[in-house]
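# Structural characterization, general
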Amino acid sequence: MKFFKRKNKKNKEQLDTNNNAVESTKQQDSVVDNNTPEEIVVPPELLAQGVEPHQYQLSQQLSKTNDNFGKKMKHLFSIKKKIDEDLFEELETTLLMADVGAAASMDIIDNVRKSLKRKNLSDSDAVFDALKVQLTELARQVEQPLEIDDSKQPFVILVVGVNGVGKTTTIAKLARKYKSMGKNVMLAAGDTFRAAAVEQLKTWGERENIPVMAQNTGADSASVIFDAMNSAKAKNIDVLIADTAGRLHTQSNLMQELEKISRVMRKNDETAPHETLIVIDGGTGQNAISQVREFNKANKLTGVVITKLDGTPKGGVLFNLASEFGIPVRFIGVGEKSSDLKPYNAAEFVEAIIS
Ligand SMILES: Nc1nc2c(ncn2[C@@H]2O[C@H](COP(=O)(O)OP(=O)(O)OP(=O)(O)O)[C@@H](O)[C@H]2O)c(=O)[nH]1
Ligand SMILES: [Mg+2]
C-alpha cells in the first residue's frame, strides 16, 4: 500500500537558491506517476464498518490534520464526559491549533452551544456530534465544483498564488484530469520570470502530449497568455490553463502585473478569465487570509485550491478561509502525484479529518 511516495526533496530544495539546474530537476519531478490506478487496501475491520476505499485513502492522506484535530477531539471527549467551560476552552484551543482561526472557532463553538441547548443535550458525545455538524455546515458553504462552461472556447483558467505553493503542479494535475475527461487542453507558460518555470511546464506538456504555449523568459506574461488564447481558439481548445509567476501578495508592482494579465485577457474575450484560481499551501497558517485578500483585490478570485494537505497538521485553514471569504474550494492537493488532486467534497473532508 503506497499512499505516500516520499521523495528526498528537502536537500534539493535547500540548494534551490539561484541554482537553475537544481531547480529545474526539482520541478520536472513535480508530477511523476503514470496515471495507473492505485490499489487501495482498506483494513478488514474498517471494511466491515462500511468505510469506502476512497474515504479511507483521503483519511490517510489527511492523517496529519486528523492526528492534530480529530484524534485530539476524540481524546478530549473520552476523558471529559461532563460539559463544562473547560471543555469548551479546550475545544477552542484544538480548533485554533488546527488553524481554524479565531472568528471561525468562536462561531463554531457558539453554534455548538446553541444546538446543545436547543436539543437539551448535556453529554460530551453530543458535543462531538454537534461539532461535526457545524464543521460540515461551514465546509459545505464553499463546496461548489468547478464546472467547465463548454460555450467558452476556450474556457480559461488563470492560476495565481505566492511562490512555491504548488501552482504549476496543480496545473499539471488539472490538465491531465481534463484531458482524461476528453477535453482538448492547452497550457500557457505565463510564468516568464524564471527559465526553469517555462521548462517545467514544457517538459510536462511533452510528456503528456498537451500543447504548451510559451515565449522566452522575461517576455510579458500578459501577452504570452493573450497569444495562447488566440492559438487555443484556432485549435479548438476546450480548456486553456495559464500559469503565472509566484509573487508575494505584499509586492504591489507584481500584483499590478496580475491585474494587467486579466485586463489583457479581456481584450481577447471579455468574459475571461472564466476561473481565477488561487493556490494556497495548506500549511501556510493565518497568512492564507492575507494572501486571499490581496490576490482577490488584484483579480477577483472565483476558486481556491488548497495544496499540500498531506504534509500539514493545519488543514483547519479551510474553515478559516470558508468563514472569512466563502470563495468556493474547487480542489484539494493531497500529494505530489497527478492523482493527488481531489475535487473538494465537504462531507468527505470533514469525515477525513475528524473520524
Ligand atoms: N506533498 C505535496 N507536495 C506538493 C503538492 N502540490 C505541490 N507540491 C510540491 O510543491 C513544490 C512546489 O510546487 P510548484 O508547482 O513548482 O509550485 P509553484 O507555486 O508553481 O512555485 P513557483 O512557480 O516557484 O511560485 C513541488 O515540489 C511540488 O511537488 C501537494 O499537494 N502535496
Ligand atoms: Mg510555478
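## A look at the site of ligand 1
- Lining the immediate surroundings of ligand 1 are 23 residues, of which G166, T168, T169, G246 and G333 lie closest.
- Ranked by residues supplied to the shell around ligand 1, first place goes to helix α10 (residues 167–180) with 3 residues.
- Across the shell around ligand 1, the residue classes break down as 3 nonpolar, 13 polar and 7 charged.

## Considerations on the pairing of strand β1 (residues 155–160)
- Counting buried positions along β1 yields 6 of 6 residues, so the element is predominantly enclosed.
- Looking at chain direction, β1 and strand β4 (residues 239–242) are connected through 4 bridges and run parallel. For L158, the partnering residue across the bridge sits in β4 and is A242.
- With 4 bridges connecting them, β1 and strand β5 (residues 275–281) associate as parallel partners. Following the sheet pairing, V159 is matched in β5 by L277.

## Section: helix α15 (residues 317–324)
- Burial of α15 is extensive: 6 of the 8 residues sit out of reach of the surface.
- Among all positions in α15, only V317, L318, F319, N320, L321 and A322 are buried.
- Buried residues belonging to α15 abut α8 (102–119), α9 (124–140), α14 (287–298), β6 (303–307), β7 (329–333) and α16 (346–354).
- Positive phi appears at G326, one or two residues downstream of α15, with a value of about 70 degrees.

## Some thoughts on the sheet that holds β5
- Here 8 strands make up an open sheet; going across it, the order is β3-β2-β4-β1-β5-β6-β7-β8 and the pairing mixed. Among the strands making up the open sheet, the edge pair consists of β3 (212–213) and β8 (341–343).
- One ladder, built from 3 bridges, connects β6 with β7; its direction is parallel. Paired with V304 across the strands is V329, a residue of β7.
- Where α10 meets the sheet, it contacts β1, β2 (185–188), β4, β5, β6, β7 and β8, and its direction lies at approximately 165 degrees from that of β2.

## Some thoughts on the nonpolar core
- Among the nonpolar cores identified, the biggest contains 92 residues, and A139, L187, I225, A228, L240, I241 and A242 are the most heavily contacted of them.
- Setting aside its immediate chain neighbours within four residues, A242 contacts V156, I157, L158, V159, A188, G190, I225 and A228.

## A word on the pairing of β2
- Every second residue of β2 is oriented toward a common face, with V185 and L187 on one face and M186 and A188 on the other, all of them buried.
- Of the pairings in the sheet, the one linking β2 to β4 comprises 4 bridges and is parallel in character. When the sheet's bridge partners are listed, M186 is paired in β4 with L240.
- Regarding topology, helix α11 (residues 195–208) serves as the crossover connection from β2 to the parallel β3, and that connection is right-handed.

## A closer look at the confidence of the model for the chain
- Looking at the chain as a whole, the pLDDT averages 87, with 89% of positions reaching at least 70.
- Overall, residues 1–31 carries pLDDT values under 50, and its contacts beyond four positions in sequence, including any with other chains, amount to 38 contacts.

## Comments concerning unusual backbone geometry
- The linkage connecting Q153 with the following residue, P154, adopts the cis geometry, with an omega of 5 degrees.
- The topology assignment puts P154 in the loop between α9 and β1.
- Here the residue pair A272 and P273 is connected by a cis peptide bond, since its omega of -10 degrees sits within 30 degrees of zero.
- Note that P273 resides in the loop between α13 (252–268) and β5.
- Although it is not a glycine, D99 sits at a positive phi angle of roughly 70 degrees.
- Counting through the fold element by element, D99 comes out in the loop between α7 (85–97) and α8.
- With 28 C-beta atoms counted inside 10 Å, the residue D99 sits in the buried group.

Here is what the cut-offs are and how they apply
- Residues numbered from 1 in each chain as written.
- Chains lettered and ligands numbered in written order.
- Predicted model: local features only at pLDDT ≥ 70, side-chain atom pairs only at ≥ 80, totals over all residues.
- Near = placed C-beta within 6 Å.
- Helix = DSSP H or I, 4+ residues; strand = E, 2+ residues; numbered from the N terminus.
- Nonpolar A, V, L, I, M, F, W, Y, C, P; charged D, E, K, R; others polar.
- Buried ≥ 20, exposed ≤ 12 C-beta atoms within 10 Å, placed from the backbone.
- Pairing = 2+ DSSP bridges.
- Contact = placed C-beta atoms within 7 Å.
- Axes fitted to C-alpha atoms, helices over the stretch in contact; angles between N-to-C directions.
- Core = buried A, V, L, I, M, F, W, Y, C linked by C-beta atoms within 7 Å.
- Right-handed = clockwise from strand over helix to strand, strands pointing away.
- pLDDT = per-residue confidence, 0-100.

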